[in-house]
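Listed here are the chains, written in short residue letters.
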Amino acid sequence: MKFFEDIQVGERIAIGRHTFSAAEIKAFAARFDPQPFHLDEAAAERSHFGALVASGWHSAVVWMRLMVEHQVREDAARR
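Owing to the predicted nature of the structure, the values given are computational and were not obtained by experimental measurement.

1. What about the overall build of the chain?
1) Next: When helices and strands are counted, the chain shows four helices and zero strands.
2) Next: Tracing the chain from N to C terminus, the helices and strands come up as α-α-α-α.
3) Next: In terms of overall size, the chain is more extended than a compact globule, its C-alpha atoms giving a radius of gyration of 17 Å where 79 residues would be expected to give roughly 12 Å.
4) Next: Overall size of the chain, expressed as C-alpha extent along the three principal axes, is 50 × 25 × 15 Å.
5) Next: A total accessible area of about 6,300 Å² is found for the chain, and carbon and sulfur atoms account for 60% of it.
6) Next: Distance between charge centres in the chain, computed from 10 positive and 11 negative side chains, equals 3 Å.

2. What to know about the pattern of salt bridges
1) Next: For the structure shown, the criterion picks out four salt bridges.
2) Next: Here Arg65 ties to Glu69 by a salt bridge, and the two come within 3.5 Å at their closest N and O atoms. Of the two residues, Arg65 and Glu69 both sit in helix H4 (residues 56-77), four residues apart, roughly one turn of that helix.
3) Next: Between Arg78 and Glu74 there is a salt bridge, with its nearest N and O atoms 3.9 Å apart.
4) Next: For Glu74, a relative accessible area of 35% puts it in the partly exposed group.
5) Next: Via salt bridges that share partners, Glu74, Asp75 and Arg78 belong to a single interconnected network.

The rules we used
- Residues numbered from 1 in each chain as written.
- Predicted model: local features only at pLDDT ≥ 70, side-chain atom pairs only at ≥ 80, totals over all residues.
- Heavy atoms only, no water.
- Helix = DSSP H or I, 4+ residues; strand = E, 2+ residues; numbered from the N terminus.
- Rg over C-alpha atoms; globule rule 2.2 N^0.38 Å.
- Areas by Shrake-Rupley, 256 points an atom, 1.4 Å probe, with all protein chains shown as cover.
- Lys, Arg positive; Asp, Glu negative; His and termini not counted.
- Charge placed at Lys NZ, Arg CZ, Asp CG, Glu CD.
- Salt bridge = Lys/Arg side-chain N within 4 Å of Asp/Glu carboxyl O.
- Buried < 20%, exposed > 50% of the residue type's maximum accessible area, 1.4 Å probe, protein only.

Right, here's the structure in full:
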């Protein structure tokens, strides 16, 4: 585990990737963040985003999953 003081400014790590599908974006939004630009392509086109966009909450959830999976891999590699 790294501590805050062990991290260098500008340091990057690759924790994984995720591509949000339209169906996944809409399903999450319908349950947790029902704003038009998350639920409807036509409404999203008229928004400042210009297209369907994943909720920030959805992005945070996926980031957390990727980060935990990365940490599990890192811990296993140290054993």
